[in-house]
There are 2 protein chains.
Amino acid sequence: MAERATDTGDMPADEFRTYGHQLIDWIADHFEHIDHTPVLPAVKPGDISKRLPEDAPGVGESMDAILADIDRVIMPGVTQWNHPDFFAYFSITGSGPGILGDLLSTALNVNGMLWKTCPSATELEQVVLAWLRRMLGLPDSFWGIVYDTASVSTMHALAAAREQLEMQIRDRGMAGRAELPVLRVYTSDQAHSSVEKAAITLGFGHENVVKIPSDEAFRMRPEALAEAIRADRARGYQPVCVVATVGTTSTTSIDPVPAIAGICEAEELWLHVDGAYGGSAAVVPEMQQVLAGCERADSLVVNPHKWLFVPIDFSAFYTRKPEVLKRAFSLIPEYLRTPEDTEVENYMDYGIQLGRRFRALKLWFVLRYFGREGLADRIRHHMNLARTVARKIEAHPTFQLMAPVPFSTLCFRAKPDGMEDGEELNAFNERLLTAVNERRDVFFSHTRLRGQYVIRMAIGNLRTTAHHVDHAWDLVAKTYQELSGNR
Amino acid sequence: MAERATDTGDMPADEFRTYGHQLIDWIADHFEHIDHTPVLPAVKPGDISKRLPEDAPGVGESMDAILADIDRVIMPGVTQWNHPDFFAYFSITGSGPGILGDLLSTALNVNGMLWKTCPSATELEQVVLAWLRRMLGLPDSFWGIVYDTASVSTMHALAAAREQLEMQIRDRGMAGRAELPVLRVYTSDQAHSSVEKAAITLGFGHENVVKIPSDEAFRMRPEALAEAIRADRARGYQPVCVVATVGTTSTTSIDPVPAIAGICEAEELWLHVDGAYGGSAAVVPEMQQVLAGCERADSLVVNPHKWLFVPIDFSAFYTRKPEVLKRAFSLIPEYLRTPEDTEVENYMDYGIQLGRRFRALKLWFVLRYFGREGLADRIRHHMNLARTVARKIEAHPTFQLMAPVPFSTLCFRAKPDGMEDGEELNAFNERLLTAVNERRDVFFSHTRLRGQYVIRMAIGNLRTTAHHVDHAWDLVAKTYQELSGNR
């Protein structure tokens, strides 16, 4: 066994080597056997915490003891997001090269707040975001920054939109100013909850997020947007920002960005596009049209940790107006001034977070290891898998596809004979989903569309093959049969 | 060499094993030889990016090529935050056990937004935050959550304070409401810029952050706070929140929290304590008094990624009023509802970020590996090292300590004979700092105290020994001699 740390030092390098190898082997073994482990854990609330002592140990423990507890304590309660049978929410992958890139970032432990505090972190971030921008077909006028999550990216977009109003909100705030109008944000009734959270945080207010109705394919209706803006202006409200979505969370629908961009240009509103999930598909040349119109957006977010195989967390934010974003957030205390300030980009000037991990490394590893074509092949593959399931659903006498499938996520339900839209049918599908997930070897999630309960199947893990997808669908069909027999 | 990925799959497990071992060895070697490498890189702006191609590769590259570029491209531009001679800003450590815990988190790649989406992530977070809370001597009434950075923690504190006003700001926002008063936040003139960034973000406005003067030891003056609140109320302004600091960024001064808590209680204001750096010292039993009065705070932030050897990013946020925080942020769309919602804690309800890494693992590894006593020994050691430097500064005929040293960070300057306070003296010390850092084998930062330029030396890396500290001080003294000769 390796030597222990001295009283004041770090783990010795030899010990790090020994247990680092063990942990790498554990991870490799885990991936090798992941197919034979359940995707969902079998624990009740409190089951994990009761396996843990009430206090941290007084004296340090061995790495042997700690690593043994991964299997004993942690794994029984892990929902396996890196599992090929994970079809819930958005299916993601922390890929091999992404994990290794992130490991290097953790080991270097830099804070890339300033160029000076790690030139490589700033410059690699600039370079890989330019690589990704070109892969997505976005123009060079888009400047990029990495945030942790799409929620935080969208909050920064809305903050920049607020700054663009030139109402001195940064300096004077919003409260106690009788001259300020009510400020309004527009998004579709299918948009992600992060738009509302951002509006709440920034002080716009929840009720000032105007939910524009969507059409039969769950896309924002531009004429309804134009009408909402008109009505708000007539009431003396100030429209600030429109958030369009490329790949909504429930159905992955694509808002008509060109039409929305036209309205934003005419109305002089900030257009932010939430492409957190769907934007990644634009790395496939024949899918690049999903971002049509986005070159006219003021800002756009794409999350490589969703569908570009980068481990959580990595959100790529692009804007044509970095100077507005900087005006909204830059604040340089004396202790953070450096001699290079005038020649370099200090990313801390563009956001609320001062601490910044070296996240560019993991995207760099992923883009290089898979290459542009390899990434495109993988995304194509997921879309093909989704199409095969869609065909099976459509061919089934009882199941219905409940929305178009523009990417690799499906919304469907069972509709047994004689059951019409309503709570009985909803309850039946909820029971079906619960029964499928209780098997623990697949994991689906759900949503509601116009009041109808539907099951969601998202395909996006690199280990997911046609076999997994067929098996998952067979389980749903089989579970339906069992439930129907029991009705 | 290991097999390559298929057209649609992840890196094969064998290849992950091979290159995982190589990367672990690279990191172990790096730590073994870190003393012989410069802490500061020798690059000019643009030097790193010009070594990188303009586009991501079309076809995937080998891991051999990628790993080779760590040394060729990345390391020449890395400011080594994990280096024993890093004394700038706050000196930190991504410790061996912390790196391994984070590696596991990256590999599992879970999103702990809901209990259901990874029960172990939620429950381990609850458990390790309770361990840390008891180590810090905080009462059980403090509920905890992990955010990424102290900036984000403080923003959540101010958002909860705003929610506590019961002015319907969450729903109705702050703009266009003539009935709302100006909302005011109070902090000392030594507070971190994150307080201002949070106030800007939330729509309080930069000018509504009232900077309370500090005393001769850079501590907030409570009587000045009481007076500022009185004056604001007289003008019809609404005080919302006071942010006190335990360990300010420039001098690590400790605000008189008991007196401030008394004022907040009398005035019914939210008290948030920024203990991002200094709070960690409370794991040393005889230092626990640095958090005196904090049991009366509404919220408190301590960053284990600053001085508890956890890799970036990890900010521990505690509050006695989680229900207020939840009221400020909870928003549950249909697609995130789970059957367990009523029995469990879903951390997504308490913040702006939906995506949540399994950060508890790295703190768990660190607390177990070092143990409570081991951590206390290490923090004591850093404080002892700081005291030895303080004595040398005080004994030196030309150097002056510019602030008390309550933790392990020193502020000092050279004051050559005949030079009085003013820009000449400031410029001299700036030249001194620049000349020291240009050697690249130590890294100090600076600040200004009442207009005086001072050099900061922060001690906090686990590889830093008495030898490193002596050598760093000798370099400063020697460089001073050289500069003085050249005057």
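Thresholds applied
Residues numbered from 1 in each chain as written. Chains lettered and ligands numbered in written order. Predicted model: local features only at pLDDT ≥ 70, side-chain atom pairs only at ≥ 80, totals over all residues. Helix = DSSP H or I, 4+ residues; strand = E, 2+ residues; numbered from the N terminus. Buried ≥ 20, exposed ≤ 12 C-beta atoms within 10 Å, placed from the backbone. Pairing = 2+ DSSP bridges. Axes fitted to C-alpha atoms, helices over the stretch in contact; angles between N-to-C directions. Arc of directions from axis to C-beta. Contact = placed C-beta atoms within 7 Å. Nonpolar A, V, L, I, M, F, W, Y, C, P; charged D, E, K, R; others polar. Domains from an automatic or database assignment. pLDDT = per-residue confidence, 0-100. Least-squares fit on C-alpha atoms with pLDDT ≥ 70 in both. Parallel < 35°, antiparallel > 145°, perpendicular 65-115°, else oblique. Left-handed = near helix turned anticlockwise from the far one by under 90°.

**Let's talk about the overall build of chain A**
Within chain A one finds 14 helices and 11 strands. Over its C-alpha atoms, taken along the principal directions, chain A stretches across nearly 70 × 65 × 45 Å. Taken over 487 residues, chain A has a buried fraction of 60%.

**Remarks on the sheet that holds strand β10 (residues 445–449) of chain A**
Residues and elements named next belong to chain A. Read across the open sheet, the 4 strands follow the order β8-β9-β11-β10; overall the sheet is antiparallel. Each edge of the sheet is formed by a strand with only one pairing partner; in this case those strands are β8 (399–401) and β10. Taken pair by pair, the neighbouring strands of this sheet meet at an average axis angle of 40 degrees, ignoring direction. Relative to strand β11 (residues 452–458), strand β9 (residues 409–414) is paired through 4 bridges, and the arrangement is antiparallel. Among the inter-strand pairings, Thr409 is bridged to a residue of β11, identified as Ala458.

**What to know about unusual backbone geometry**
The step from Ile312 of chain A to Asp313 of chain A runs through a cis peptide bond, and the omega angle for that step is 5 degrees. Looking at the secondary structure, you find Asp313 of chain A in the loop between α10 (304–307) and β7 (315–319). Even without a glycine there, the phi angle at Phe309 of chain B is positive, about 70 degrees. Relative to the helices and strands, Phe309 of chain B is located in the loop between α10 (304–307) and β7 (315–319).

**A short note on helix α2 (residues 63–74) of chain A**
Residues spaced three or four apart along an α-helix face the same direction, because each turn holds 3.6 residues. All buried positions along α2 of chain A are accounted for by Met63, Ile66 and Ile74 of chain A. The buried residues of α2 of chain A occupy an angular sector of 60 degrees when the element is viewed end-on, so they sit on one face. Exposed positions of α2 of chain A whose direction lies more than 90 degrees from the buried face are Asp64, Ala68, Asp71 and Arg72 of chain A. The elements touched by buried residues of α2 of chain A are α1 (13–33) of chain A together with α4 (119–135) and α12 (360–395) of chain B.

**Quick notes on the sheet that holds strand β1 (residues 143–147) of chain B**
Residues and elements named next belong to chain B. Pairing within the open sheet is mixed, and its 7 strands lie in the order β1-β7-β6-β5-β4-β2-β3. With one partner strand each, in any of the chains shown, β1 and β3 (209–212) form the two edges of the open sheet. Neighbour-to-neighbour, the strand axes of this sheet turn through a mean angle of 20 degrees, independent of strand direction. Bridging between strand β5 (residues 270–274) and strand β6 (residues 299–302) involves 3 bridges; their strand directions are parallel.

**A few points about the interface of chain A and chain B**
Much of the literature gives interface size as the accessible area that the parts lose upon coming together. Counting residues at the interface gives 139 residues for chain A, matched by 139 residues for chain B. Along the lines of polarity and charge, the residues of the side of chain A that touches chain B split into 67 nonpolar, 41 polar and 31 charged.

**As for the domain arrangement of chain A**
Residue and element names in this part refer to chain A. You can read the domains of chain A as domain 1 (15–40 + 79–94 + 371–487) and domain 2 (111–357). A straight line from the C-alpha centre of domain 1 to that of domain 2 covers 30 Å. Contacts between domain 1 and domain 2 engage 19 residues on the former and 22 residues on the latter. Of all the secondary structure elements, the ones that give two or more residues to the side of domain 1 that touches domain 2 are α12 (360–395), β9 and β10. For the side of domain 1 that touches domain 2, the element with the most residues is α12, which contributes 5 residues. Of the residues that constitute the side of domain 1 that touches domain 2, the class distribution is 12 nonpolar, 5 polar and 2 charged.

**A closer look at the confidence of the model for chain A**
Residues of chain A with pLDDT of at least 70 account for 98%, and the chain-wide mean is 96. Listed scores for the predicted complex are pTM 0.97 and ipTM 0.97.

**Regarding the relation of the copies chain A and chain B**
With an RMSD of 0.0 Å, the operation that places chain A on chain B is a rotation of 180 degrees combined with a shift of 0.0 Å along the axis. Such values leave the two copies arranged in the relation of a two-fold axis. A share of 100% of the interface residues of chain A reappears at the interface of chain B, consistent with the copies meeting face to face through the same patch.

**Here's the deal with the pairing of β10 of chain A**
Residue and element names in this part refer to chain A. Bridging between β10 and β11 involves 5 bridges; their strand directions are antiparallel. Paired with Leu449 across the strands is Gln452, a residue of β11. The antiparallel hairpin formed by β10 and β11 contains 2 residues in its connecting segment, where Arg450 sits at a positive phi of about 50 degrees.

**Points about the environment of Arg230 of chain B**
All names here are of chain B. Among the secondary structure elements, Arg230 is positioned in helix α8 (residues 222–234). With 11 C-beta atoms packed within 10 Å, Arg230 lands in the exposed category. Sequence separation of Arg230 and Glu267 is 37 residues, and the distance between their C-alpha atoms is 9.5 Å.

**Thoughts on the packing of helix α13 (residues 423–438) of chain A against helix α14 (residues 466–485) of chain A**
Residue and element names in this part refer to chain A. Two numbers describe how α13 lies on α14: the axes approach to 9 Å, and their chain directions differ by 120 degrees. The angle between α13 and α14 falls in the class oblique. When the axes of α13 and α14 are compared, the crossing they make is right-handed. Residues Arg431, Leu432, Ala435 and Val436 of α13 form the contact with α14, whose participating residues are Leu475, Val476, Thr479, Tyr480 and Leu483. In terms of residue class, the contact of α13 with α14 is built from 7 nonpolar, 1 polar and 1 charged.

**Structural notes on the packing of α12 of chain A against α14 of chain A**
Residues and elements named next belong to chain A. At a closest axis distance of 10 Å, the pairing of α12 and α14 adopts a crossing angle of 25 degrees. Between α12 and α14, the interaxial angle falls into the category roughly parallel. Note on packing geometry: the crossing formed by α12 with α14 is right-handed. On α14, the residues touching Leu385, Thr388, Val389 and Lys392 of α12 are Ala466, Val469 and Trp473. A per-class count over the contact of α12 with α14 returns 5 nonpolar, 1 polar and 1 charged.

**Re the pairing of β1 of chain B**
Residue and element names in this part refer to chain B. The buried fraction of β1 is high, at 4 of 5 residues. Bridge count between β1 and β7: 5 bridges; the pairing is antiparallel. Paired with Val146 across the bridge in β7 is Ala316.

**Considering the environment of Thr251 of chain A**
Residue and element names in this part refer to chain A. On the secondary structure map, Thr251 appears in the loop between β4 (238–245) and α9 (257–267). Using a count of 25 C-beta atoms within 10 Å as the deciding quantity, one classes Thr251 as buried. For the pair Thr251 and Phe218, spaced 33 residues apart in sequence, the C-alpha separation works out to 7.4 Å. Ignoring anything within four residues of it in the chain, the contact list for Thr251 reads Gln190, Phe218, Ala403, Cys411 and Leu449.

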